[in-house]
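Residue-level structure breakdown
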Amino acid sequence: MDREKLPNHIAIVMDGNGRWARSKSLPRLAGHNAGMIALKEIVKRTSSLGVKHLTVYAFSTENWKRPENEVGGIFNLLVHYVERELEELNQNNVKVKIIGDYNKLPKKAVQKIEEALIKTRDNTGLQFNIALNYGSRDEIVRATKLIADKVANNEMKAEDITQSIFKEHLFTSAIPDPDLVIRTSGEKRLSNFLLWQSAYSEFVFTDTLWPDFTPECLEDAIKEYQKRVRRFGGLK
Ligand code: IPE
Ligand code: IPE
Ligand code: MG
């Protein structure tokens, strides 16, 4: 891996927790718990490599369709994750951000998230963006409404809407587009993740289930990324 050519922003669809649990005859929540442990190591490695942005898909707007006990269990695990990891994240100068409408989460989870946001807000190392109750289509509709309101209130003219103005109204307004999007577990789709933002991202799909995804797997994905030729529609 070339340490001089790291992606500035890595985004990950952390998929396969349920199948990992099933393969071990464990309940699905044991898979989500193992997924959190894997995440901890990935954040550490990303941070120590000096990557500037990591975005992880933790809960989608469609994941509410799952049984109530799984949904509630995931949010409980999130609360425990913040309780266990916040101190170390802060020591490592990691800045936590949320993308998605996290106010719809249970109160306890919202409180923990806000604690993490406030505690790490002045940190200057890795920016760790957690996508929670995030869905790209929702995000795009939400941005459109915000812009439409501004036009209706004469704060802006329709003809002044540009790509960069649109971007400013997304949850990711202050985050550069991902250079590398990784999805684990063998699925090859975006599942409503960063649709606008990944227009020119490089994709790496791996069969590894998320709880088995180690920092070495991350470095393999980065190596794969480094072999790609990015043209952005132009010529090399
Ligand atoms: C990803 O693992 C985590 C979330 C969606 C919250 P899954 O729970 O989707 O695992 P599989 O796809 O069922 O194996
Ligand atoms: C995407 O995984 C969402 C997260 C990883 C949080 P899903 O498991 O929900 O996606 P589908 O249903 O297989 O497309
Ligand atoms: Mg899945």
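I will try to describe carefully the structure that is included in this document. (Residues numbered from 1 in each chain as written. Chains lettered and ligands numbered in written order. Predicted model: local features only at pLDDT ≥ 70, side-chain atom pairs only at ≥ 80, totals over all residues. Heavy atoms only, no water.)

Around ligand 2 sit Val13, Met14, Asp15, Tyr57, Ala58, Phe59, Asn63, Arg66, Arg183, Arg189 and Ser191, and that is every residue in its neighbourhood. Arg189 places a polar side-chain atom, nitrogen or oxygen, 2.8 Å from an oxygen atom of ligand 2. Between Ser191 and ligand 2, the recorded distance is 2.6 Å, taken from a side-chain N or O atom to an oxygen atom. The protein chains hide 77% of the 390 Å² of surface that ligand 2 would expose on its own. In terms of residues, the shell around ligand 2 owes the most to one element, strand S2 (residues 53–60), which gives 3 residues. The class makeup of the residues in the shell around ligand 2 is 5 nonpolar, 2 polar and 4 charged. (Near = heavy atom within 4 Å. Polar contact = N/O pair within 3.5 Å; in protein donor to acceptor, adjacent residues only side chain to side chain. Areas by Shrake-Rupley, 256 points an atom, 1.4 Å probe, with all protein chains shown as cover. Helix = DSSP H or I, 4+ residues; strand = E, 2+ residues; numbered from the N terminus. Nonpolar A, V, L, I, M, F, W, Y, C, P; charged D, E, K, R; others polar.)

Another point: the sheet that holds strand S3 (residues 95–99). The sheet built from 6 strands is open, its strands ordered S3-S4-S2-S1-S5-S6 with parallel pairing. Each having just a single partner strand, S3 and strand S6 (202–205) make up the two edges of the open sheet. Direction aside, the axes of adjacent strands within the sheet are offset by 20 degrees on average. For strand S1 (residues 9–13) and S2, the ladder comprises 5 bridges, and the chain directions are parallel. Residue Ile12 lies in a different strand from S2, and its bridge partner there is Val56. Here helix H2 (residues 28–49) sits on the sheet in contact with S1, S2 and strand S4 (127–134), set at roughly 160 degrees to S2. (Pairing = 2+ DSSP bridges. Axes fitted to C-alpha atoms, helices over the stretch in contact; angles between N-to-C directions. Contact = heavy atoms within 4.5 Å.)

The biggest cluster of nonpolar side chains holds 47 residues, and the ones touching the most others in it are Ile10, Ile12, Leu54, Leu105 and Phe128. In terms of residues, this core owes the most to one element, helix H3 (residues 68–91), which gives 10 residues. In this structure Ile12 touches Ile42, Leu54, Thr55, Val56, Tyr57, Ile182, Phe193, Trp210 and Leu218, once residues within four positions along its chain are discounted. Tyr57, Ile99, Ala131 and Ile175 belong to the second largest nonpolar core, which has 10 residues in total. (Core = buried A, V, L, I, M, F, W, Y, C linked by side-chain atoms within 4.5 Å. Buried < 20%, exposed > 50% of the residue type's maximum accessible area, 1.4 Å probe, protein only.)

It is worth spelling out unusual backbone geometry at this point. Backbone geometry places Asn93, a non-glycine residue, at a positive phi of 65 degrees. Residue Asn154 is not a glycine yet carries a positive backbone phi of 60 degrees. In this fold, Asn154 is placed in the loop between helix H5 (136–152) and helix H6 (163–168).

Turning our eyes to something else, we now look at the site of ligand 1. Around ligand 1, the neighbouring residues are Met14, Asp15, Gly16, Asn17, Gly18, Arg19, Arg28, His32, Ala58, Asn63, Arg66 and Ile74. Backbone polar atom of Gly18 to an oxygen atom of ligand 1: 2.9 Å apart, as the coordinates give it. Between ligand 1 and Arg66 there is a distance of 2.7 Å, counted from an oxygen atom to a side-chain nitrogen or oxygen. For ligand 1, whose free accessible area comes to 380 Å², the fraction covered by protein is 87%. Contributing elements (two or more residues each) for the shell around ligand 1: helix H1 (17–23) and H2. Looking at the shell around ligand 1, the element that brings in the most residues is H1, giving 3 residues.

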